[in-house]
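Inside the fold
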Amino acid sequence: MGRFNAKSIFEPVITSYHFSSFGFKQEYRKTKPNKMKKVFRNHLRQVVILSTLMLFTAGGLRAQEISGTILDSQTNIPLAGASVFIKGTSIGVITEFDGAFLIQYDNAQSATLVVSYLGFADEEVDLSQVQDLTNIIVKMDETTTSLDEVVISANLEGQQKALNQQRVADNIKNVVSTDLISRFPDLNVADALQRIPGINIQLDNGEGAQAFIRGTPANYTTVTINGEQIQNTGTSFDRTPQLFQFPVDQLGQIEVTKTITPAQDGDAIGGTIDLSTPVAKRPTWNIKTELGAGYNSLTDGENYRANLNFNKRFAVNEKNPNGAFGMLFSYSYNQTDQTQDETSSDWRTDDEFENNPGEDQWYNREHFLVARPQTRTRQGASITSDYRFDNENFVVAKFNYATIEEDEDRQRKIFRPRNGDFVSPTEFPDARIRQDFRDRVVTRFTASFNIDGNFKIGDYRLFGGYAYSGGQRDENGFDGRFEGRGIDLGIENLNTNFPIFFPLDGQPGDDFNPEDFDRFDRIRLLDRLVESNASTAKINVQRSFNIGNSLLVLQAGYKNRINNSAANRNRRRFDFEGDDDVTLADFLGTGFVRDNWLRNEVPFGFEIVPGDILDYFNNNPGQFEANLDEDTIAKAEFDYDAEENTNAGYFMATLRTGKFNILAGIRNEDVKVSYSAQDVQVDDDGEIISISPITGGNNYSVLLPNLQIKYELDNLTNFRAAYTRGYARPNFVNLLPRVNRNIIDLEATLGNPNLEVPTSNNFDVFFERYLGNVGIISAGAFYKKIDGFIWEQTFQDVVGNEFPRADQFIGYNEVIQPQNGEDATLFGIEANIQTNLAFISNAIRHFGIYFNYTYTDSEAIIEPGAEENRLPGQAPHTMNSALTFDKGGFSARINMNFQDDTVEAIRSERIVAGDNNVIRDRRVQFDANASYTFKNGLRFFTELVNFTNAEQREFVGDPSRVSDYRDFGFQARFGISFNL
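Residues numbered from 1 in each chain as written. Predicted model: local features only at pLDDT ≥ 70, side-chain atom pairs only at ≥ 80, totals over all residues. Heavy atoms only, no water.

Under an unreviewed UniProt entry, the protein chain has the name TonB-dependent receptor and belongs to Flagellimonas meridianipacifica. For the record of the protein chain, the UniProt heading Sequence similarities (unreviewed entry) holds the text "Belongs to the TonB-dependent receptor family." (UniProt positions renumbered as here; feature names shortened; annotations may be inferred.)

Here it is in structure tokens:
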């Protein structure tokens, strides 16, 4: 029996063109589609046109309209996500954000409406008894509230809405409200995401920074805010936003889509994370404010937080009982003194050690001790306004702003065995040591504006809008470096978390004499700016048809997004040319970096005082010489401009019949990328030969079929199956045919304009059971077949024939270039439970559990004949759990997050034989929090984050080769909030 080959059946129709004035080969590539795929490819435009015509010309008698609003009977808050159906049929809708619904049905006067909402008793409305079918008000009674639990029920209000949206969705997703998020001690979006099934995160200074969905690389996930993609504010020039920038208290909910629909952006192999800001809910003032403070263990520093949210709906009338116009404003502020203590090592092999010549031995090529104290100031603001003309027509406008300022004073000590004599992996006479500092301020901000409308014109629903988003990273500061040469280095505890470097003529633990750093190397004034923005316009049209007791919904749409990205560097380097007697000892402070640095395992020594060096520089300008050549090279290699223009069209049909909900559709995305940069040619001494402009681009089209089936075993139980197709956009900087080189260390990173677009066939099955106590039990499996995944290939000791233009890098120690791998497969299982324990015994009804677990396994082939690797971003096991207690106004929980070892990078077999991938080690973090809320809305809370002081480690191939170790310490926070 032949092997099942998903690629042969579902291989996409992709046409790619690569062009460049730089001299890389021009390339035309086209896959070999079968006959049916050619039909799709050649007639896609006709399909979209015909589908749209069908929407607008399909006949039939116009049905009666049934519309109204669904409200909570206790609070009069609209219930978004409630299902409203004609009894005995599959004809119905899901309520909008303000609880409104609209149904078309031929025999309205003889029908009965059935309304259901998780946590509420079902309601039935006999329409024969209703006088005005266009203004029906249904008030639902909650089933989970008892007299002593009113406060807790109010806290669950948003999560009821979130789970209802998840239950009635056509596709597989997780929806989490801020009500649930606020029950965890998470301040930024990435930290909150780690609580969601199938997601693990990467840390930066102890905070979550990037998210990975279901074991895929971070850039395989699309992150949006209010439905439009967020701009990146990092220096790695990738498409993955730094999520620590976004305060979680600015959100109404987080939606993680595991199976995208044709109406969503297709560049989401892993999935889509949508951050949604809230809207006003009720026609009375709702005001919430919070003040908090705390302590960070490593820095003995303080942290502060404050937020304010007020909103109200206005213009209450008969057709808008909850108010036609809503207005919301929210602002948050958070400042924290934090740090990460870090050691990192560059592991390599060499066969020229004197103790065992001819045999490859691992050694620590370069070792760093890093202290990174930092003050982070995070601010966020959002404004939302909406206006509902009636139950059928409304507009919503949202503005969101998020910024973070990082004021950092990094101190670093560097040991360089690479420059010494290779006696043994623990002995390197005649090596080098360095000590440097960096004093800088980095400011990142993103801003977005969306305006969306939803209008009913005859039998058609027209909805769409316009969005603009922008992002920026601005870095300013200065750094300086001292170096000592001819240093005899010894190493103890080489294969541990804390290798100790010491003078060979001394003992382990002995520090190096500051006067050994006798070469004042240079000072640099830092100035880097990275900017991006996107402008998006979209239009969608929808029409519904009642076919007997079934409902058919046809929908088509078009979207255009123009994304611009640019980078600019104006760094200035000044080399020290003054007195040889000036050494590191002249600029050291009187104290150590910190008494408890790196758990007192490794001595760091005294810290440099940046202000003293800056004063010396300003007072002695004649002792420094501007290095204009290096500044010119650095600017030319850093700067670029790029534009990406995406045109997307789709058509989909959704059929609701009996217990089945079937969604089928297709999407096409045409992408045009153009760029301009500069090519720098230098000689062996690093002198500039030429700088010339580079222009080019990369165009491609991707066709994305989609099929999703939901079977409702009953009103609270769904079984789902899906086939979807997605792709991943290469990072802008990876497509540029440019070079970023380090002439001193002979290292370089290259772009690759011939990169192809990774695509993936995705298969999912999923089961979910919703519980009446606002809980859920779910489980599922998924499989991804990824073609052409991108990885970074590393070439060591370049001889000139390894890659295009390798002859320009002969003798370089390391050159890195992104490449397309052959293919990869990813399989996983996901399980989730969220409930209280009343089903076990009423005596423990106040206790609850929150638990999710994800297993993944991947196989990645980087090149023909190579051994199988794991996919970057993949962790075999990910688990989150919380034990909760809620009674009256008291709430407490202890939380655990486990992330298994994760592939950070695939290292090329060209370096060494064997497993030498970079692996982020498994990590377990425990948090705890408790609060008491009075019935008047006053709340006191306390939080402990990482109270077991879990570190983060990375290693190369084997756990004994630690490449990165980071200690974050723990945080304690407390505060007060008030909700009126």
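**Brief notes about the overall build of the protein chain**
Tallying secondary structure elements over the protein chain gives nine helices and 53 strands in all. For 980 residues, the compact-globule formula gives about 30 Å, and the C-alpha radius of gyration of the protein chain, at 30 Å, lands near that figure. Overall, the C-alpha framework of the protein chain stretches about 95 × 65 × 55 Å when taken along its three principal axes. For the protein chain, with 980 residues in total, the buried portion stands at 59%. Taking all contacts inside the protein chain whose residues are at least 6 apart in sequence as the whole, residues at least 24 apart take part in 71%. As presented, the protein chain carries roughly 37700 Å² of accessible surface, and 52% of it is formed by carbon and sulfur atoms. Taken together, the 95 basic and 137 acidic charged side chains of the protein chain have centroids lying 10 Å from each other. (Helix = DSSP H or I, 4+ residues; strand = E, 2+ residues; numbered from the N terminus. Rg over C-alpha atoms; globule rule 2.2 N^0.38 Å. Buried < 20%, exposed > 50% of the residue type's maximum accessible area, 1.4 Å probe, protein only. Contact = heavy atoms within 4.5 Å. Areas by Shrake-Rupley, 256 points an atom, 1.4 Å probe, with all protein chains shown as cover. Lys, Arg positive; Asp, Glu negative; His and termini not counted. Charge placed at Lys NZ, Arg CZ, Asp CG, Glu CD.)

**Re the domain arrangement of the protein chain**
The domains assigned to the protein chain are domain 1 (62–146) and domain 2 (286–979). Each of domain 1 and domain 2 was reduced to a C-alpha centroid, and the two centroids are 44 Å apart. In this assembly, 32 residues from domain 1 lie in contact with 31 residues from domain 2. Carbon and sulfur atoms make up 48% of the area that domain 1 and domain 2 hide from each other, which totals about 2300 Å². Interface area lost by domain 1 to domain 2 is led by Ser 90, Phe 97 and Leu 118, which between them contribute 24%. In this assembly, domain 1 and domain 2 are joined by two salt bridges. For the pair domain 1 and domain 2, the number of links is six residue pairs in polar contact (both at pLDDT 80 or more). For the side of domain 1 that touches domain 2, the secondary-structure elements that each account for two or more residues are β3 (64–72), β5 (92–94) and β6 (100–105). Considered class by class, the residues forming the side of domain 1 that touches domain 2 number eleven nonpolar, 15 polar and six charged. (Domains from an automatic or database assignment. Buried area = accessible area lost by both parts, 1.4 Å probe. Salt bridge = Lys/Arg side-chain N within 4 Å of Asp/Glu carboxyl O. Polar contact = N/O pair within 3.5 Å; in protein donor to acceptor, adjacent residues only side chain to side chain. Nonpolar A, V, L, I, M, F, W, Y, C, P; charged D, E, K, R; others polar.)

**Remarks on the environment of Asn 476**
Along the chain, Asn 476 falls in strand β25 (residues 460–492). Separated by 36 residues in the primary sequence, Asn 476 and Arg 440 have C-alpha atoms spaced 5.6 Å apart. Dropping the residues within four chain positions of it, Asn 476 is found in contact with Arg 440, Val 441, Leu 526 and Asp 527. There is a polar contact of 3.2 Å between the side chain of Asn 476 and the side chain of Asp 474.

**Considering the side chain of Arg 313**
On the secondary structure map, Arg 313 appears in strand β18 (residues 301–314). The class of Arg 313 is buried, set by a relative accessible area of 2%. Of the polar contacts made by the side chain of Arg 313, one reaches the backbone oxygen of Ala 280; its length is 3.1 Å. Beyond its immediate chain neighbours, meaning those up to four positions away, Arg 313 contacts Ala 280, Lys 281, Arg 282, Pro 283, Asn 322, Gly 323, Ala 324, Phe 325, Gly 326 and Asp 386.

**Description of unusual backbone geometry**
Despite not being glycine, Asn 205 has its phi angle at roughly 55°, a positive value. Of note, Asn 205 is situated in the loop between β11 (199–204) and β12 (207–213). The residue Asn 946 is not glycine, and still its phi comes out positive at about 55°. Positionally, Asn 946 belongs in the loop between β50 (938–945) and β51 (952–956). When its relative accessible area of 4% is taken as the criterion, Asn 946 is described as buried.

**Here's the deal with the environment of Tyr 363**
Looking at where Tyr 363 falls in the secondary structure, it is placed in strand β21 (residues 361–371). Among the residues examined, Tyr 363 registers a relative accessible area of 4% and is labelled buried. When the C-alpha atoms of Tyr 363 and Ile 861 are compared, they prove to be 27 Å apart, with 498 residues separating the residues in sequence. Ignoring sequence-local partners within four residues, the contact set of Tyr 363 consists of Asp 346, Trp 347, Arg 348, Thr 349, Asp 350, Phe 353, Phe 422, Pro 425 and Phe 428.

**Brief notes about the sheet that holds β3**
Across the sheet, which stays open at both edges, the three strands sit in the order β6-β3-β9 with mixed pairing between neighbours. Each edge of the sheet is formed by a strand with only one pairing partner; in this case those strands are β6 and β9 (136–140). Across the sheet, the mean angle separating the axes of adjacent strands is 30° when strand polarity is ignored. With six bridges connecting them, β3 and β6 associate as antiparallel partners. By the bridge assignment for β6, Gln 64 is matched with Tyr 105. (Pairing = 2+ DSSP bridges. Axes fitted to C-alpha atoms, helices over the stretch in contact; angles between N-to-C directions.)

**What about the packing of aromatic side chains?**
Geometrically, a pair of aromatic rings is defined through the distance of the ring centres and the angle of the planes. Tallying each qualifying case throughout the model produces 45 aromatic pairs. Taking 5.1 Å as the distance between ring centres and 75° as the angle between the ring planes, the aromatic pair formed by Phe 617 and Phe 624 counts as edge-to-face. With relative accessibility at 12%, the residue Phe 617 sits in the buried group. Through a chain of ring-to-ring contacts, the aromatic side chains of Phe 482, Phe 520, Phe 574, Phe 576, Phe 587, Tyr 616, Phe 617 and Phe 624 assemble into a single cluster. Positioned over the ring face of Phe 244 is Arg 376, at 4.2 Å from the centre of the ring. Residue placement shows Arg 961 over the ring face of Trp 362; its charged tip is 3.9 Å from the ring centre. (Phe/Tyr/Trp six-rings, centres within 6.5 Å; stacked < 30°, edge-to-face > 60°. Lys NZ or Arg CZ within 6 Å of the ring centre and 35° of its normal.)

**Things to note about the sheet that holds strand β10 (residues 173–177)**
Ordered in space as β10-β15-β16-β13-β14, the five strands form an open sheet in which the pairing is mixed. Edge positions in the sheet fall to β10 and β14 (228–229), since each of these pairs with one other strand and no more. Relative to β14, strand β13 (residues 221–225) runs antiparallel, the two sharing two bridges. The residue of β14 that forms the bridge with Ile 225 is Glu 228.

**Some points on the environment of Pro 78**
Of note, Pro 78 is situated in the loop between β3 and β4 (83–86). Residue Pro 78 is classed as buried on the basis of its relative accessible area of 11%. A C-alpha to C-alpha distance of 54 Å links Pro 78 and Leu 750, two positions 672 residues apart in sequence. In contact with Pro 78, not counting residues within four places along its chain, are Ile 70, Leu 71, Phe 97, Asp 98, Gly 99, Lys 281 and Asn 322.

**A few points about helix α7 (residues 610–619)**
Considered for burial, the residues of α7 that qualify are Pro 610, Ile 613, Tyr 616 and Phe 617. Seen end-on, α7 carries its buried residues on one side only, within an arc spanning 125°. (Arc of directions from axis to C-beta.)

**Quick look at the pattern of salt bridges**
The full count for this structure, using the stated rule, is 73 salt bridges. In this structure, Glu 475 engages Arg 440 in a salt bridge whose closest nitrogen and oxygen atoms are separated by 3.2 Å. Note that Glu 475 is positioned in strand β25 and Arg 440 in strand β24 (residues 427–457), a separation of 35 residues in sequence. On the basis of relative accessible area, Glu 475 is assigned to the buried category, the value being 2%.

**Structural notes on the pairing of strand β42 (residues 814–820)**
Along a regular strand, successive side chains alternate from one face of the sheet to the other. Counting buried positions along β42 gives six out of seven residues, so the element sits mostly inside the fold. Relative to β42, strand β41 (residues 790–796) runs antiparallel, the two sharing seven bridges. In the strand pairing of β42, Gln 793 is matched with Gln 817.

**A word on a negative patch on the surface**
Together, Glu 354, Asp 421, Asp 430, Asp 488, Asp 505 and Asp 510 line one region of the surface with negative charge. Positionally, Glu 354 belongs in the loop between β20 (341–350) and β21. (Patch = residues over 30% accessible without salt bridge, like charges linked within 9 Å, V, L, I, M, F, W, Y side chains within 5 Å.)

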